[in-house]
Amino acid sequence: MSASTEKGLKETVWQKIKTEILDDCRKKDEWKILLLDQFTTSLLTSCCKMTDLLQEGITVVEDIYKIRQPVPELKAIYFISPSEKSVDFLVNDFKPKQCKYKASYVYFSDTCPESLFTKLKSCAPKKIKKCKEVNISFFPRESQVFLLNLPDAFHLLYSPDKESVDKESAMQTIADQIVTLCATLDENPGVRYKREPLDNAEDLANLVEEKLVQYYKTDERNQFKEKSQSQLLILDRGFDPISTVLHELTFQAMIYDLLLVENDVYKYRADTSLGTKDKEGRLDESDELWVKIRHKHIADVLDEIPKLVKEISSSKKEAEGKLSISNLSNLMKKMPHFRKQISKQTLHLSLAEDCMEIFKGNLEKLCKVEQDLALGTDAEGQKK
C-alpha cells in the first residue's frame, strides 16, 4: 500500500479533510463555521477532535438539521453527504434575502447526483463560493480498520425475501464506498475475489473494478494512474462461516462482547489516595497501551500488564516474582509517585479483571464446547 497507510487510516482521512476542505477555502485570520450532517459528523468524530478544528480556524461546529441562529458576518463550510435532506437544509439557509451566513463553501462526502446540483441553483446568487466532491464515504475505525456502517447489508445481500433491486442497490453503495477508500489511500489496486458458495463476492468485485476505472478516468489528479501493486481481496461470508459461532477471546473482542462500553468509554472503580472512586477510560488510539494489547489473546494480556507494571516500578523487590491480577492493585498503592504513569495500566487491569470474572462462569465451558465443535476434536485430539 502507499506511504499514507504507514501513519494510519484515521490520520490519512484527517489529512485529506484538511487538504481538500479546510485548506481549500482557508484565508488568513478568517474564522468559519462548520456545518455537518449525521454522516459527516460521525466521519469527523472518528478522525479528529474539536481542538484540531479550532487550530484550523473553525470557531463553531453545528448540525445542519437543527435550528440555528443566523451569523451573517461569518462564512460557513458545509461538509455534507449528497442526500436530498442535507441539500434541502443547505438551500434553506441561503434563500434570497434570508441568508444565514456571509457565504458558503460546499463539500460533498461522495458523488453528488445532477438533480441535487440543480437544487443548489435556487440559493441566493454568488453565495456559494465553491462546490466540490471529496470522496470519503467510509469510517476509519482504527489505524488499519474501516467500517461502511451498513447494518442491513447482510440481510439485503442474503435474504431470499428481498427484491433483486434492493440487493443491487446495496452492492452499488458498498462498491462506491470501497472506491472512496482506495481513492483516499491513493491506490488503484488489483481486485481479487473468492468464488462460491454464492456469487456475491464476484459481483461486488466486478462492480468495484468498474467504478475504479471510472474514478481514475474522471479524477483530474490521477487521470493516468496505473494499477498499483496492492491487492484488494473480497471474500464472501461463506469463506469462514465457523467464526460467526465462536466467542472471540482477544482483549478488544471480549471487552465489547462482555462489558458495557458506550461510545468507546468504559466506566470502572479504581483505588486512589482518597479511596475508591468511579472513573472513565476512553478506548481509542490516543492510548498507546490499548493499541499495543487490544488484538492480543486475553491470556497474553494477563501476562503483559504485570510485566508493564514491573518495568515502571521503582522497587524491584515489590515487583519480584509473578504478579497475579488480584494483587496488582496493592502494588500500585505502594507506588504513589508512579500513579500517573500507571493510570492506563489500572484501566486495562480493571478491564481484564472484569472480563475474566465473567469468563470463568459458564462462558469458559461454552467456549470449550464451541472450539471442540469447530475443530471436530477435543483438546486431546479425540473426535467429537
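All of these numbers come straight from a predicted model, not from anything done at the bench.

Undergrad: Explain helix 4 (residues 84–93) here, please?
TA: Helical geometry: 3.6 residues make up each α-helical turn, so side chains three or four residues apart lie on a common side. Residues of helix 4 that are buried include every one of S86, V87, L90, V91 and D93, and no others. Around the axis of helix 4, the buried residues are gathered within 155° of arc, so they sit on the same side. Among the structural elements, strand 3 (75–80), strand 4 (104–108) and helix 5 (114–120) are those in contact with the buried residues of helix 4.

Undergrad: I tried to follow the packing of helix 1 (residues 9–22) against helix 7 (residues 164–184) on my own but got confused; where do I start?
TA: Two numbers describe a pair of packed helices, the interaxial angle and the distance between the axes. In contact at an axis separation of 10 Å, helix 1 and helix 7 are set at 85° when each is read in the N-to-C sense. The angle between the axes of helix 1 and helix 7 places the two elements in the roughly perpendicular class. Along its contact with helix 1, which presents L9, T12, V13 and K16, the element helix 7 presents L181, A183 and T184. Considering only residue class, the contact of helix 1 with helix 7 consists of 4 nonpolar, 2 polar and 1 charged.

Undergrad: Is there a simple way to think about the packing of helix 1 against helix 2 (residues 38–47) in this case?
TA: Running from N to C, helix 1 and helix 2 point in directions that differ by 120°, and their axes come no closer than 8 Å. It follows that helix 1 is oblique to helix 2 by the angle criterion. Helix 1 and helix 2 meet at a crossing whose hand is left-handed. Touching K10, V13, W14 and I17 of helix 1 are L43, L44, S46 and C47, all from helix 2. Looking at side-chain class alone, the contact of helix 1 with helix 2 contains 6 nonpolar, 1 polar and 1 charged residues.

Undergrad: For this particular structure, what's the right way to read the nonpolar core?
TA: Inside soluble globular proteins, nonpolar side chains tend to come together where they are buried. Membership of the largest hydrophobic core comes to 47 residues, with the highest contact counts inside it found for I17, F79 and V208. The greatest single-element share of this core, amounting to 9 residues, is contributed by helix 7. Apart from the residues lying within four places of it in its own chain, the contact partners of I17 are L22, L44, C47, F79 and I136. Among the nonpolar cores identified, the runner-up in size contains 25 residues, and Y266, V301, L363 and C367 belong to it.

Undergrad: Just checking my understanding: could you explain unusual backbone geometry for this structure?
TA: Glycine aside, negative phi is the norm for most residues, and most peptide bonds take the trans geometry. Its identity as a non-glycine residue notwithstanding, D186 has a phi of 60°, on the positive side. Take D186: its relative accessible area is 38%, and that puts it in the partly exposed class. At N263, a residue that is not glycine, the phi angle is positive and equals roughly 55°. The topology assignment puts N263 in the loop between strand 10 (261–262) and strand 11 (265–272).

Undergrad: Any chance you could explain the environment of C355 here in plain terms?
TA: Looking at the secondary structure, you find C355 in helix 13 (residues 343–375). Of the residues examined, C355 reaches a relative accessible area of 0% and is grouped as buried. Here the alpha-carbon distance between C355 and D257, two residues 98 residues apart in the chain, equals 9.3 Å. Dropping the residues within four chain positions of it, C355 is found in contact with M254, I255, L258 and L259.

Undergrad: Would you take a moment to explain the pattern of salt bridges for this structure?
TA: When the charged atoms of two side chains lie near each other, side chains of opposite charge can form a pair. All chains considered together, the criterion is met by 19 salt bridges. Ionic pairing is found between E202 and R195, a salt bridge with its closest N-O pair at 3.7 Å. Assessed through its relative accessible area of 25%, E202 is described here as partly exposed. Put simply, K292 and E304 hold a salt bridge, and the shortest N to O gap is 3.3 Å. Of this pair, K292 sits in helix 10 (residues 288–293) while E304 sits in helix 11 (residues 298–312), and the two are 12 residues apart along the sequence. According to the relative accessible area criterion, K292 is partly exposed, its value standing at 46%. For E304, a relative accessible area of 14% corresponds to the buried category.

What counts and how
- Residues numbered from 1 in each chain as written.
- Predicted model: local features only at pLDDT ≥ 70, side-chain atom pairs only at ≥ 80, totals over all residues.
- Heavy atoms only, no water.
- Buried < 20%, exposed > 50% of the residue type's maximum accessible area, 1.4 Å probe, protein only.
- Helix = DSSP H or I, 4+ residues; strand = E, 2+ residues; numbered from the N terminus.
- Arc of directions from axis to C-beta.
- Contact = heavy atoms within 4.5 Å.
- Axes fitted to C-alpha atoms, helices over the stretch in contact; angles between N-to-C directions.
- Parallel < 35°, antiparallel > 145°, perpendicular 65-115°, else oblique.
- Nonpolar A, V, L, I, M, F, W, Y, C, P; charged D, E, K, R; others polar.
- Left-handed = near helix turned anticlockwise from the far one by under 90°.
- Core = buried A, V, L, I, M, F, W, Y, C linked by side-chain atoms within 4.5 Å.
- Salt bridge = Lys/Arg side-chain N within 4 Å of Asp/Glu carboxyl O.

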